Amino acid sequence: MDTATDISVELLMNSENPEEVLRNMQPFINLMMYYECALMEIETKLKVLNTEFALRNNRNPFESIKCRLKKPISIVEKMRKKKLDMTIDNIENNLTDIAGIRVICSFPEDIYILSELLSKQDDINVVCVKDYIRNPKPNGYRSLHLIVEVPIFLSDEKRYMKVEVQFRTIAMDFWASLDHKLKYKKDNLKHPEIIAQELKKCADTITAMDYKMQEIRNMLEE
Ligand code: 0O2
């Protein structure tokens, strides 16, 4: 994971006035540390649910979990896109995806079980839910996105931090990673629209497969 500390080291090494750089960077470094702690909290909550679920039901609801902190350059780009001043308050109040967790499940059903269990924990505030599984994007993108607030307990304060949790199946994740490449390579492609059409077809096939596999799993468990 990229931490704010990594950036400051690079900046310090290239600066003629490292003390000043450090002073200016400190609030941002603190903010990133808070997000890092929030990621740890949510990751632990999900791992606890996974462990308990595995013991009770003899299977894991998720296959893997990936945490990431948004890179400082991406934060700057997003703030510019939103035409906002680069203040700590503005970053915290306007960006909801600085701390991101991707939870990869085998079956769509497990996505809803896990997200429900996480959402109903009494220290979690669900800020927003975007269900691109029940309502896929026109390009075929499917995932369940939750923005949640989780408290982090520091030495002298308790702070609620926002974390974006994306739930997907393995197949949805496979699809999204190829689609992500399309987003970045679009301008250099001869026929991006043909690739987009093909990807949409794949999304439909993958959806059918996800539900068929789930049906088989349920039959096996009967
Ligand atoms: P990255 O590089 O993955 O972080 P917001 O973030 O709220 O300002 P938006 O678009 O309303 O913007 O949020 P939304 O729809 O919840 O999407 C947020 C993230 O979901 C994206 O982050 C992607 O990670 C993922 N996502 C959304 N739509 C698509 C899609 O069509 N294809 C793929 N592959 N991923 C998607 P970022 O910041 O755009 O990108």
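Computed from a predicted structure; not experimentally measured.

Some words on unusual backbone geometry
Part 1 of the argument: Positive phi, close to 65°, is recorded for Asn58, a residue that is not glycine.
Part 2 of the argument: On the secondary structure map, Asn58 appears in the loop between helix H2 (18-57) and strand E1 (62-69).
Part 3 of the argument: Look at Lys83: it is not a glycine, yet its phi comes out positive at around 55°.
Part 4 of the argument: Lys83 gets classed as exposed once you look at its relative accessible area, which sits at 75%.

Considerations on the sheet that holds strand E3 (residues 125-131)
Part 1 of the argument: Taking strand neighbours across the sheet as the criterion, the five strands line up as E1-E2-E5-E4-E3 in an open arrangement whose pairing is mixed. Looking at which strands have only one partner, the edges of the open sheet turn out to be E1 and E3. Ignoring strand direction, the axes of neighbouring strands in this sheet form an average angle of 25°.
Part 2 of the argument: Taken together, the six bridges between strand E2 (residues 99-105) and strand E5 (residues 158-169) define a ladder with parallel strand orientation. The partner of Arg102 across the bridge, within E5, is Gln166.
Part 3 of the argument: Lying on the sheet, helix H5 (residues 108-119) is in contact with E1, E2, E3, strand E4 (144-153) and E5; it crosses E5 at an angle near 170°.
Part 4 of the argument: Contacts from helix H6 (residues 170-185) reach E1, E2 and E5 within the one sheet, and its direction differs from that of E5 by about 95°.

The rules behind each value
- Residues numbered from 1 in each chain as written.
- Predicted model: local features only at pLDDT ≥ 70, side-chain atom pairs only at ≥ 80, totals over all residues.
- Heavy atoms only, no water.
- Helix = DSSP H or I, 4+ residues; strand = E, 2+ residues; numbered from the N terminus.
- Buried < 20%, exposed > 50% of the residue type's maximum accessible area, 1.4 Å probe, protein only.
- Pairing = 2+ DSSP bridges.
- Axes fitted to C-alpha atoms, helices over the stretch in contact; angles between N-to-C directions.
- Contact = heavy atoms within 4.5 Å.

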